[in-house]
Amino acid sequence: MRKTNNGKRRRNPAPYPAWEPGAGRDPGRIVKYVVPAICILTVLALFLSSEYRARYGTPTPGADTLSVMFIDVGQGDSELILCGGHSVLIDGGEAACGAKLVSMLRGLGVKKIDCVVATHPHADHIGGLIDVLENVAVGELLMPALTENNIPTTRVYERFLEAAAASGAKAVRAAPGDEYAYGEIRFTVLSPLFAEAADLNDMSVVLRMKYGGVSFLFTGDAGVEAENAMLETGADLSSDVLKVGHHGSRSAKSAAFYRAVSPRIAVVECGDGTEYHPHKETVGALVSIGAQVYRTDRDGTVVVTTDGSRISVTKEK
Ligand SMILES: [Zn+2]
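Keep in mind it's a predicted model, so treat the numbers as computed, not measured.

1. What about the sheet that holds strand 10 (residues 214–218)?
In any sheet, the strands associate via hydrogen bonds between backbone groups, in a parallel or an antiparallel arrangement.
So, step 1. Strand order in the open sheet formed by 7 strands is 7-8-9-10-11-12-13, with mixed pairing between adjacent strands. For this open sheet the edge positions go to strand 7 (179–182) and strand 13 (292–295), each flanked by a neighbour on one side alone. Each strand of the sheet is rotated relative to its neighbour by a mean of 20°, with strand direction disregarded.
So, step 2. Across 5 bridges, the pairing between strand 9 (residues 206–211) and strand 10 is antiparallel. Following the sheet pairing, L207 is matched in strand 10 by F218.
So, step 3. Sheet strands touched by helix 6 (residues 224–233): strand 8 (185–191) and strand 9. Its angle to strand 8, the strand with the most contacts, is close to 105°.

Here it is, written out as structure tokens:
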């Protein structure tokens, strides 16, 4: 029980003189002050609610918006792009995430994915794609061209290749400069720029996507070598939204690259409690160039929606 003053009920001090029936009922005052105040407050409330919806409203995939879901797959990458009935899935996290992706795709009503991009054949990117390829129709499968030195011999890669062959998806090798369009989803391949690399991460397919005046950069696990190679090509890297390379590792953190991209929004896809991703200096470098940083380990799935000029971000957590 709440303690009262010597057992007596404590009365709130009256901040205003007690209202008495009949007092302050001057109709002139109501017309002069109350009615305009109500009007101003109503207009303000309507403005704020529409502004709020525009910036933070739940994105509804439709013909006039493009949504990118940076899916929380723990320590791994997966991004689903939806626009006007078309879809592109970039990576699928570890094999254990496959069921989650398939049920998410079904929930969203995605019956066919126009293009699946396997940025590079590491388990935290291609694992979950196995279930997707086995359960959802896929038009094209975009992958880096790999030489014998870079082709992995892992069981997950074998299973991925088996699922890809059985799916009937058309395999396409990513080459810099190539452009793809699926409805209004349009992107250009910027990397890999090497025939083979000492680090398989640097063979990641990197895509720049444009929708109206808004651009996105998806970097897979590309590291500093790949970043420098992209800078050397002189390609336009500037992007409003950056999928941060290699889960926010310092191995993908060329300051010059970040300056060239100059993102307003940066999304790090990383697992909860992982020891080294993202590195503090990576997040710090992004913040220092003015980017708002989102992390799937803290924010859950992050959804960026745009109408081609405005951008809204929603977080799962
Ligand atoms: Zn990775």
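What follows continues from the structure just given.
2. Quick word on the environment of S191
So, step 1. Mapping S191 onto the fold places it in strand 8.
So, step 2. Overall, the presence of 25 C-beta atoms within 10 Å leaves S191 in the buried class.
So, step 3. Spatially, the C-alpha atoms of S191 and G177 are 8.4 Å apart, while their sequence positions differ by 14 residues.
So, step 4. In contact with S191, not counting residues within four places along its chain, are P176, S204, V205, V206, A222, A226, A229 and M230.

3. Notes on the sheet that holds strand 14 (residues 302–306)
So, step 1. Strand order in this open sheet of 8 strands is 6-5-4-3-2-1-14-15, and the pairing throughout is mixed. Every other strand in the sheet has two partners, leaving strand 6 (170–174) and strand 15 (311–315) as the edge strands with one partner each. Averaged over all neighbouring strand pairs, the angle between strand axes comes to 20°, with direction disregarded.
So, step 2. Note: strand 2 (residues 79–83) against strand 3 (residues 86–90), 5 bridges, orientation antiparallel. Across the sheet, the residue bridging to I81 is V88, located in strand 3.

4. Quick notes on helix 8 (residues 280–288)
So, step 1. Every buried residue of helix 8 is listed here: T282, A285 and L286. Burial along helix 8 is one-sided: seen end-on, the buried residues are contained in an arc of 95°. Among the exposed residues of helix 8, those oriented more than 90 degrees off its buried face are K280, E281, G284, V287 and S288.
So, step 2. Contacts from the buried residues of helix 8 go to helix 7 (255–261), strand 12 (265–268) and strand 13.

5. Observations concerning the nonpolar core
So, step 1. Ranked by size, the top nonpolar core spans 72 residues in total, and within it I81, V116, V117, L129, V206, L207 and A266 carry the most contacts.
So, step 2. Every residue in contact with V206, bar those within four places of it in the chain, is listed here: L190, S191, F218, T219, G220, A222, A226 and M230.

6. Brief notes about the environment of D64
So, step 1. Relative to the elements of secondary structure, D64 occurs in the loop between helix 1 (27–56) and strand 1 (66–70).
So, step 2. Classification of D64 as exposed rests on a count of 11 C-beta atoms within 10 Å.
So, step 3. Considered as a pair, D64 and T306 are 242 residues apart in the sequence and their alpha carbons are 8.7 Å apart.

7. With respect to the pairing of strand 10
So, step 1. Where burial is concerned, most of strand 10 is hidden: 4 out of the 5 residues are buried.
So, step 2. Here strand 9 folds back onto strand 10, and the loop between the two strands holds 2 residues, one of which, G212, carries a positive phi near 60°.
So, step 3. The sheet contact formed by strand 10 and strand 11 (residues 241–243) spans 3 bridges and is parallel. Counterpart to F218 in the pairing with strand 11 is K243.
So, step 4. Read as a crossover between parallel neighbours, the route from strand 10 over helix 6 to strand 11 is right-handed.

8. So, unusual backbone geometry
So, step 1. Across the junction of S191 and P192, the peptide omega takes the value 15°, indicating a cis bond.
So, step 2. Along the chain, P192 falls in the loop between strand 8 and strand 9.
So, step 3. The backbone of D91 sits at a positive phi, close to 65°, despite the residue not being glycine.
So, step 4. Checked against the element boundaries, D91 lands in the loop between strand 3 and helix 2 (98–107).
So, step 5. Unusually for a residue other than glycine, H247 sits at a positive phi of about 55°.

Cut-offs applied
Residues numbered from 1 in each chain as written. Predicted model: local features only at pLDDT ≥ 70, side-chain atom pairs only at ≥ 80, totals over all residues. Pairing = 2+ DSSP bridges. Helix = DSSP H or I, 4+ residues; strand = E, 2+ residues; numbered from the N terminus. Axes fitted to C-alpha atoms, helices over the stretch in contact; angles between N-to-C directions. Contact = placed C-beta atoms within 7 Å. Buried ≥ 20, exposed ≤ 12 C-beta atoms within 10 Å, placed from the backbone. Arc of directions from axis to C-beta. Core = buried A, V, L, I, M, F, W, Y, C linked by C-beta atoms within 7 Å. Right-handed = clockwise from strand over helix to strand, strands pointing away.

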